[in-house]
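# Observations on chain architecture
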Amino acid sequence: MENVQEYIDIAWAMAIQYTPKVLLALLTLFIGLKIIKAIINVMDKIFEKNKVDPTLRPFVGSLISWGLKIMLFISIASMIGVQTTSFVAVIGAAGLAIGLALQGTLANFAGGALIMVFKPYKVGDLVEAQGHIGVVKEIQIFTTMLTSPQNKMVIIPNGSMSNGNIVNFTTLGMIRVDLSIGIAYNADIDAAKKVLMEVMEADERVMKDPAPFVGVSELADSAVNLAVRPHCNPADYWGVYFDTLENGKKGLDMNNVTIPFPQMDVHLFKEQ
């Protein structure tokens, strides 16, 4: 009984000693997180007011947020009674172990830094990377977020983005729309080319320079395939793509240029 009472007394003494510290630490944590959030919001407004590159805003904001939170957690540990020097040493050792275990995550962080420095793409660019195509919505510390043409959110690690091939359709300010339209072998090729050129020239989104182009690309099994090549702004790509196909079909129909169905000639031989 004496040992039990001794343990109870020790526990009660520790509770009296550490409860105020723990409550103060929790209060500090709550207030600190609120202050960090307010700081990030103010910084974002300052960035927006000064027209800082939209690509840089979320990256810097996330970086500062994580740095402030780490400092806050170290301060709270010190308040509870953990020796800061020992705590920093433990964090260093843990950081080394975590770094070895999370090499991919660190590679993503390094990739994000490289993207910020060399800027192969920025927010708003239409890019193709890692088998996905979409508009860059946000570049974070570890990932890049794309919005696909199907309005899906695609999240790609920055390590893969910095080490892989990237096709940026926005950098040069124009993109070529590649279409193939087949006409019948007995159709007038010159008439078909004229119709398709008129369709593209009538579309204000199609650039005059470089000029649109129509030419024979293939003598296929059932059709003469015409390569249709308008240029436009990257933002107008899908509109030009679909409208050129639709209006091209309507124009060819109005001028009696046939778009054939797949055909096959069957030859029968009669045995003597």
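Before reading on, note that the structure itself is shown above.
Predicted model, so just to flag it, every value in this text is computed and none were measured.

### Comments concerning helix 6 (residues 189–201)
- For helix 6, spanning 13 residues, the distance from its first C-alpha to its last is 18 Å, which sits close to the expected 18 Å at 1.5 Å a residue.
- The set of residues buried in helix 6 consists of A192, V195, L196, V199 and M200. Down the axis of helix 6, the smallest arc covering the buried residues is 135 degrees, so these residues share one side. Opposite the packed face of helix 6, turned more than 90 degrees from it, sit the exposed residues D190 and K194.
- Where helix 6 is buried, its residues contact strand 7 (179–183), strand 8 (213–219), strand 9 (224–229) and helix 7 (237–254).

### Observations concerning the sheet that holds strand 8
- Reading across from one edge, 7-9-8 is the order of the three strands in this open sheet, with antiparallel pairing throughout. Two strands in the sheet have a free side with no partner beyond their single neighbour: strand 7 and strand 8. Each strand axis lies, on average, 30 degrees off the axis of its neighbour in the sheet, ignoring direction.
- In this sheet, strand 9 lies alongside strand 7 in antiparallel orientation, the contact comprising five bridges. Residue pairing in the sheet places S180 in a bridge with A227 of strand 9.
- Strands in contact with helix 7 are strand 7 and strand 9; relative to strand 7, the strand with the most contacts, it is inclined by about 15 degrees.

### A look at the packing of helix 6 against helix 7
- Contact geometry for helix 6 and helix 7: axes closest at 9 Å, N-to-C directions at 135 degrees. Classed by the angle they form, the pair helix 6 and helix 7 counts as oblique. Note that helix 6 runs across helix 7; the crossing there is right-handed. For the pair helix 6 and helix 7, the contacting residues are A192, V195, L196, V199 and M200 in the first and T244, N247, G248, G251 and L252 in the second.

### Focus: the nonpolar core
- With 23 residues, the main nonpolar core has I183, L196, L226 and L252 as its most contacted residues.
- Secondary structure elements with two or more residues in this core: strand 7, helix 6, strand 9 and helix 7.
- Looking at which element gives the most residues to this core, the answer is helix 6, with four residues.
- Contact partners of L226, with chain neighbours within four places excluded, come to L179, S180, I181, I183, I189, A192, L196, V214, G215, V216 and S217.
- If you look at the next biggest cluster of nonpolar residues, it comprises twelve residues, including I115, Y121, V136 and L146.

Procedures and definitions
Residues numbered from 1 in each chain as written. Predicted model: local features only at pLDDT ≥ 70, side-chain atom pairs only at ≥ 80, totals over all residues. Heavy atoms only, no water. Helix = DSSP H or I, 4+ residues; strand = E, 2+ residues; numbered from the N terminus. Expected span 1.5 Å × (residues − 1). Buried < 20%, exposed > 50% of the residue type's maximum accessible area, 1.4 Å probe, protein only. Arc of directions from axis to C-beta. Contact = heavy atoms within 4.5 Å. Pairing = 2+ DSSP bridges. Axes fitted to C-alpha atoms, helices over the stretch in contact; angles between N-to-C directions. Parallel < 35°, antiparallel > 145°, perpendicular 65-115°, else oblique. Left-handed = near helix turned anticlockwise from the far one by under 90°. Core = buried A, V, L, I, M, F, W, Y, C linked by side-chain atoms within 4.5 Å.

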